[in-house]
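# Understanding the architecture of this molecule
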Amino acid sequence: IDFRNEGASCGILRDSSQSPGSSVMSSLLQNAHRIVVKVGSALVTNDGRGLDESAIERWAAQIAELRRMGREVILVSSGAVAEGVLRLGWEKRPKRVYEKQAAAAVGQMGLVQAYETHFRAYGIRTALVLLTHANLVDREQYLNARMTLNELLRLGIVPVINENDTVVTSEIKVGDNDTLGALVTNLVEADCLVILTDQKGLYTADPRRDPSADFVSSAEAGRPELEAMAGGAASSISTGGMITKILAAKRAARSGANTIIASGREENVLVRLAQGEAVGTHLYAASSKLHARKQWLADHLRMVGTITIDAGAVSALRNGKSLLPVGVVGVEGDFVRGDAVGCVTEDGVEVARGLVNYSSDEARRLCRAHTEEIEERIGHLDR
Ligand code: GLU
């Protein structure tokens, strides 16, 4: 089934003759430069039997290949709790929150060790980044996380991300790594989120129970039919966690990113996808990355301040260049780093909108400053 608009009434293009993974359409990963790959606990820990080193080795090999193809990759890995439970010799996943948190802390060591070792064999360094929901809703922390991840990617490192399970309580928890993968996709403005799971992708119903279930090869992310399929009473795909994947795709699409749900056990799946083979379920974003970002800036942000800029800065901005403090002649309003502000000409005409890296107090002190004076004037240097 292909949920593109040229199909049936809800945009479905049925293609039940094809087995999953052999579709003729091309892959959404083919032209993606920045990619977030999420691997689930069942895959990482061999269904709870212990860290699957050979699977981790295979993903490291594939990600190394993607890097050679010029792609940037961030890995979001689950499996800390599952691995911790094993290492602690517990028979099953504990119920109490603090036990799970302890297990996550123990298990995370195993994940870190395994990723570092297997990537090192390909000459790639990894970095551990543990995030919570609270980190991603606090604008300051959001920006810090974004800048750190951008810097890690610039340095050629593969960041390995998980939720900081040890410190989260239900209110500040992302809860599942599909959602975390989508939040990271938004955070770094990735082009594509690849969710590797133990299933081939999304079916219209649970294929184990319903022989008429069709494989969904492609659909627009965020379509309500998808949620109905995964969450509806008639289907139990959601037991495989499909609903969180569908919602993750919807979230990723908000920053213009496509999502692919595919089996992590499929041979060389990441490389084949990157080469254009349409393996798994492809959920595409309706709007482009640039459009999504501009739309977000235009619609969702309350402008909390105004920066008046000189004619030189106006023409620099219009030519797609950055705004430097030397072109800033005045600052109005009260804002913090990460807030949205409007840029106005000296006649008060708004010419641009953007997010500031400095507070209003700092920005005032930076008016007309040359870049090399920034640190001297406010004590630190940001971009
Ligand atoms: N953060 C959890 C872990 O590493 C996993 C959450 C999930 O699998 O969605 O064990």
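A brief structural summary. (Residues numbered from 1 in each chain as written. Predicted model: local features only at pLDDT ≥ 70, side-chain atom pairs only at ≥ 80, totals over all residues. Heavy atoms only, no water.)

### Observations concerning the site of the ligand
With respect to spatial proximity, the complete set of residues near the ligand consists of Ser41, Ser78, Gly79, Ala80, Val81, Asn162, Asp165, Asp176 and Asn177. At 2.6 Å, a backbone N or O of asparagine 177 approaches an oxygen atom of the ligand. Relative to its free-state accessible area of 300 Å², the ligand is covered by the protein chains to the extent of 86%. Class assignment for the residues of the shell around the ligand results in two nonpolar, five polar and two charged. (Near = heavy atom within 4 Å. Polar contact = N/O pair within 3.5 Å; in protein donor to acceptor, adjacent residues only side chain to side chain. Areas by Shrake-Rupley, 256 points an atom, 1.4 Å probe, with all protein chains shown as cover. Nonpolar A, V, L, I, M, F, W, Y, C, P; charged D, E, K, R; others polar.)

### Let's talk about the packing of aromatic side chains
Inspection of every chain in the model, using the stated rule, returns two aromatic pairs. Centroid distance tyrosine 115 to phenylalanine 119: 6.4 Å. Interplanar angle 40°. Geometry classified as tilted. With tyrosine 115 and phenylalanine 119 both in helix α4 (residues 97-120), this residue pair falls four residues apart, about one helical turn. Phenylalanine 119 shares its class with tyrosine 115; the two are buried. (Phe/Tyr/Trp six-rings, centres within 6.5 Å; stacked < 30°, edge-to-face > 60°. Helix = DSSP H or I, 4+ residues; strand = E, 2+ residues; numbered from the N terminus. Buried < 20%, exposed > 50% of the residue type's maximum accessible area, 1.4 Å probe, protein only.)

### Side note on the sheet that holds strand β16 (residues 340-344)
An order of β15-β14-β16-β17 is seen for the four strands of this open sheet, with the pairing classed as mixed. Looking along the sheet, the strands with just one partner apiece sit at the ends: β15 (328-333) and β17 (350-355). Looking at each pair of strands side by side, their axes are set apart by 25° on average, direction ignored. (Pairing = 2+ DSSP bridges. Axes fitted to C-alpha atoms, helices over the stretch in contact; angles between N-to-C directions.)

### A word on the packing of helix α2 (residues 53-68) against α4
What describes two packed helices is the angle between their axes and the distance between those same axes. It is the contact of α2 with α4, at a shortest axis distance of 9 Å, that shows an interaxial angle of 50°. Taken together, the axis directions place α2 and α4 in an arrangement best described as oblique. The way α2 lies across α4 gives a crossing that is right-handed. Here α2 contributes Glu53, Ile56, Glu57, Trp59, Ala60 and Ile63 to the contact with α4, which in turn contributes Ala114, Tyr115, His118 and Phe119. When grouped by side-chain class, the residues that make up the contact of α2 with α4 number seven nonpolar, one polar and two charged. (Parallel < 35°, antiparallel > 145°, perpendicular 65-115°, else oblique. Left-handed = near helix turned anticlockwise from the far one by under 90°. Contact = heavy atoms within 4.5 Å.)

### Examining the nonpolar core
Among the nonpolar cores identified, the biggest contains 39 residues, and Leu29, Trp59, Leu75, Tyr115, Val194 and Leu196 are the most heavily contacted of them. Ranked by residue count, the leading element in this core is α2, at seven residues. (Core = buried A, V, L, I, M, F, W, Y, C linked by side-chain atoms within 4.5 Å.)

### Overview of the pattern of salt bridges
Applying the stated criterion to the full structure yields 22 salt bridges. One salt bridge in this structure joins arginine 68 and glutamate 65, with 2.7 Å as the shortest N-O distance. One end of the pair is arginine 68 and the other is glutamate 65, both in helix α2 and three residues apart, which spans about a single turn. Arginine 364 is the partner of aspartate 361 in a salt bridge, and the nearest nitrogen-oxygen pair spans 3.8 Å. Of this pair, aspartate 361 and arginine 364 both sit in helix α13 (residues 360-366), three residues apart, which is roughly one turn of that helix. Look at arginine 364 and you get partly exposed, because its relative accessible area is 37%. (Salt bridge = Lys/Arg side-chain N within 4 Å of Asp/Glu carboxyl O.)

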